[in-house]
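One letter stands for each residue in the lines below.
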Amino acid sequence: MQPKLVFALLLTVLAGGAAIPAFAADPCSGFKWDVSKEHALFSGPSVALSAGKDLASAPTIGADRLYQLELLPQTDVSFALAPGKKMLTDGAFAGLAALELDTPGNYRVSVDVPFWIDVIANGKLAATRDFQGQQSCDAPHKIVEFDLTGAKQFVLQMSGSAKASVRLTVTQAPLARP
Amino acid sequence: MAAQGESSRNAGNNLGQRVFSDARNPPAYAEVDTVEQARIDLGHAVFNTQWVPARTTNAARRDGLGPLFNASACDACHNEGAHGRGPSGDGAAPNALVIQLEVRPRGSDQKSSGDPLYGHTLNTAAIDGFNPEGVVTIHYRELDGRYPDGATWHLRAPRYVLTELQRGPLAARTIIQPRLAPALFGVGLLEAVPGPAARFGWQSESTSVRDQTTKAFARDMGLTTSDRPADDCTAAEPECLAAPNGGTPEVSAELLDAVVEFQRTLAVPQPPAVPAAARRAPGRLFDAVGCSACHRAVMPVVPSGVLGAKGAQTIAPYTDLSLHDLGLRLADRDAAGRVVPSRWRTAPLWGMAYRLELEQEPTFLHDGRARSIEEAILWHDGEAATARQRFVHLTPERRAQLLNWIGML
């Protein structure tokens, strides 16, 4: 561990402004959406599950719970559809989960580490509406908003993870962003 | 200066432009054979890959991230080759906005260098066991004004606050350069324009796509290449220098060649179909205001690589690839707060329609301070002062016509 020599320096780069006090930044404070619901879920207990290596073995997950999912080596996983992002998968972990939602709508999938998320609806990759991420934050690290208005049952595909164990939540997105 | 009428006549020049039907799979600008396509696909995969720390189990080709970095994938800032997301307001700087650090030499025979403590980029992330070099926060001050016709305009002036600096303050002479990840579409075509070598980056600090890529790997991701065998660690960061590496180099020659080729072959998003006649009048306005003096509608390219031997051709990038002084309001400042006269490479305007369609909150200029094309124009000064003056004196209808036209490029 590097010796922690923290030197808080205030640099006012554009002249003419009042000084702003230096502060210890919360690494999760940079989200531009209201992520209080996701943040609260990530602060609570999780449900441990093993992700599926294919559709048949995929566990079922739902909204508003924190899951701790054990992924498999990506080479052992049979995806329902090819992941939406091309990337090198050396040593990567992956897995599938079935997602059941009571109410169609726009949903956020939030994860604690960087990896790729696809949601499959009616045999196709669901459209993403937007995403946000915070580099040094893991509660959550990344949030992807999907348009899940067309069905109630989906397949969640996770791929390209450097870690075998990941945390994930699914939450309904607010109707309107602030 | 642009040839008279160049912009209004340019509607038919679509070399390198393609329809982007799937944002996750940006097309190449030319037909390629299967061998070349495989190389581009590999490069695309490298571009999107999340790199992991050195010695990560089974990471094979993708380890070596950091130990200090800003992003773990090229794609994290240039999403599928697109422009990085700019700041939406006060708060933490977005991932795609990095703080580059430069100390300019006192003599003209020397090269510029990075900050003596932090190097060329302030790394705001770190792998486990290391601390990021600092935290970047942005605060905006709203500026309001009026056009001569009474209509109002609004700008936001940024102030960058650097805190939690691990090694103490920056050197007073270090220039703080906030830089937003630009779009990469058409960079191979810009490389094929004959002329001075340096043409990449907001201030033409890089000589080629490869040069820009290896700088980003080393400084923004902590990944070494054959061209740049060291990360951005400084002598003041011994633990960074002593950190395990993910191979020598960390990005193999095969992967580097492929990711450079992927970028070089990226097409430019085709603008929406608009009748030539409808483009002509605002195109003439673009010329008359003086925009096209720097945002050149027609540039020659020397065919090479994928373009092949097809003879002399032209592209429509809306840039002259030259550096211009845009005034002190846009200039960087050093750590002591002094304004440092800055010259900017004319930003290409091609692909603008795609940007506006793709991005919910597009931002413009080198640090994303402008929230619209209009704001970007209003920030112009210096060599562009006359063009800005002509713009503000247009009637509201003609201003709207011009802005709409730029948004359709």
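Heads up: these notes are all about the structure in this document.

1. Considerations on the state of the cysteines
Point 1. This model, assessed by the stated rule, comprises two disulfides over all chains.
Point 2. Shown here is the disulfide that connects A:Cys28 with A:Cys137, its sulfur atoms set 2.0 Å apart. Negative torsions about the S-S bond denote left-handed disulfides, and the value of about 100° found for A:Cys28 with A:Cys137 makes this one right-handed. Taken together, the residues A:Cys28 in the segment before α1 (36-42) and A:Cys137 in the loop between β9 (128-133) and β10 (142-148) connect sequence positions 109 residues apart.
Point 3. Look at A:Cys137 and you get buried, because its relative accessible area is 3%.
Point 4. Paired by a disulfide, B:Cys233 and B:Cys240 hold their sulfur atoms 2.0 Å apart. With the S-S dihedral at roughly -60°, the linkage between B:Cys233 and B:Cys240 falls on the left-handed side.

2. Some points on the packing of helix α2 (residues 34-48) of chain B against helix α7 (residues 253-264) of chain B
Residues and elements named next belong to chain B.
Point 1. At a minimum axis distance of 7 Å, the contact between α2 and α7 shows a crossing angle of 100°. Considering their axes alone, α2 and α7 lie roughly perpendicular with respect to each other. Between α2, through Glu-36, Arg-39, Ile-40, Leu-42, Gly-43, His-44, Val-46 and Phe-47, and α7, the contact on the second element is made entirely by Glu-254, Leu-255, Asp-257, Ala-258, Val-259, Glu-261, Phe-262 and Gln-263.
Point 2. Of the residues assigned to the contact of α2 with α7, the class counts are eight nonpolar, three polar and five charged.

3. Thoughts on the packing of helix α8 (residues 276-289) of chain B against helix α12 (residues 396-406) of chain B
Residue and element names in this part refer to chain B.
Point 1. Packing of α8 against α12 leaves a shortest axis separation of 9 Å and a crossing angle of 100°. By the angle class used here, α8 and α12 are roughly perpendicular. Contact with α8, carried on its side by Arg-279, Ala-281, Pro-282, Gly-283, Leu-285, Phe-286 and Val-289, involves Arg-398, Gln-401, Leu-402, Trp-405 and Ile-406 of α12 and no other residues of that element.
Point 2. Considering only residue class, the contact of α8 with α12 consists of eight nonpolar, two polar and two charged.

4. Details of the nonpolar core
Point 1. Counting 51 residues, the largest nonpolar core has B:Val46, B:Trp51, B:Phe217, B:Val251, B:Leu255, B:Val259 and B:Ile315 as the members making the most contacts within it.
Point 2. Of all elements in the fold, only α2, β4 (68-69), α4 (187-191), α5 (209-220), α7 and β12 (299-301) of chain B reach the threshold of two or more residues within this core.
Point 3. Per element, the largest residue contribution to this core is six residues, and it comes from α7(B).
Point 4. In this view, B:Val46 contacts A:Leu88, B:Trp51, B:Leu255 and B:Val259; residues no more than four positions away in its chain are not counted.
Point 5. If you look at the next biggest cluster of nonpolar residues, it comprises 35 residues, including B:Trp202, B:Val289, B:Met352 and B:Leu409.

5. A short note on the packing of aromatic side chains
Residues and elements named next belong to chain B.
Point 1. The full count for this structure, using the stated rule, is nine aromatic pairs over all chains.
Point 2. Residues Phe-47 and Phe-262 carry aromatic rings whose centres are separated by 5.3 Å and whose planes lie at 55° to one another, so their mutual orientation is tilted. Pair noted here: Phe-47 is in helix α2 and Phe-262 is in helix α7, with a separation of 215 residues, a long-range link.
Point 3. For Phe-47, a relative accessible area of 1% translates into the label buried.
Point 4. Among the aromatic residues, those joined into a cluster by ring pairs are Phe-20, Phe-185 and Tyr-354.
Point 5. In this structure, Arg-399 packs its charged tip against the face of Tyr-147, placed 3.5 Å from the ring centre.

6. Here we look at the pattern of salt bridges
Residues and elements named next belong to chain B.
Point 1. Evaluated as defined, the whole model comprises 27 salt bridges over all chains.
Point 2. In this structure, Arg-338 engages Asp-334 in a salt bridge whose closest nitrogen and oxygen atoms are separated by 2.7 Å.
Point 3. Overall, Asp-334 belongs to the buried group, its relative accessible area being 6%.
Point 4. Note that Asp-367 and Arg-369 form a salt bridge whose closest N and O atoms lie 3.0 Å from each other.

7. Concerning the sheet that holds strand β12 (residues 165-172) of chain A
Residue and element names in this part refer to chain A.
Point 1. Spatial ordering of the open sheet is given by β1-β3-β12-β6-β10-β9, a layout of six strands whose pairing is mixed. Each of the sheet's edge strands pairs with one partner strand only, and the pair in question is β1 (47-50) and β9. When the angles between neighbouring strand axes are averaged without regard to direction, this sheet yields 25°.
Point 2. Here strand β3 (residues 66-70) pairs with β12 via five bridges, running antiparallel. In the strand pairing of β12, Leu-66 is matched with Thr-169.

Criteria and thresholds
- Residues numbered from 1 in each chain as written.
- Chains lettered and ligands numbered in written order.
- Predicted model: local features only at pLDDT ≥ 70, side-chain atom pairs only at ≥ 80, totals over all residues.
- Heavy atoms only, no water.
- Disulfide = S-S within 2.5 Å.
- Helix = DSSP H or I, 4+ residues; strand = E, 2+ residues; numbered from the N terminus.
- Buried < 20%, exposed > 50% of the residue type's maximum accessible area, 1.4 Å probe, protein only.
- Axes fitted to C-alpha atoms, helices over the stretch in contact; angles between N-to-C directions.
- Parallel < 35°, antiparallel > 145°, perpendicular 65-115°, else oblique.
- Contact = heavy atoms within 4.5 Å.
- Nonpolar A, V, L, I, M, F, W, Y, C, P; charged D, E, K, R; others polar.
- Core = buried A, V, L, I, M, F, W, Y, C linked by side-chain atoms within 4.5 Å.
- Phe/Tyr/Trp six-rings, centres within 6.5 Å; stacked < 30°, edge-to-face > 60°.
- Lys NZ or Arg CZ within 6 Å of the ring centre and 35° of its normal.
- Salt bridge = Lys/Arg side-chain N within 4 Å of Asp/Glu carboxyl O.
- Pairing = 2+ DSSP bridges.

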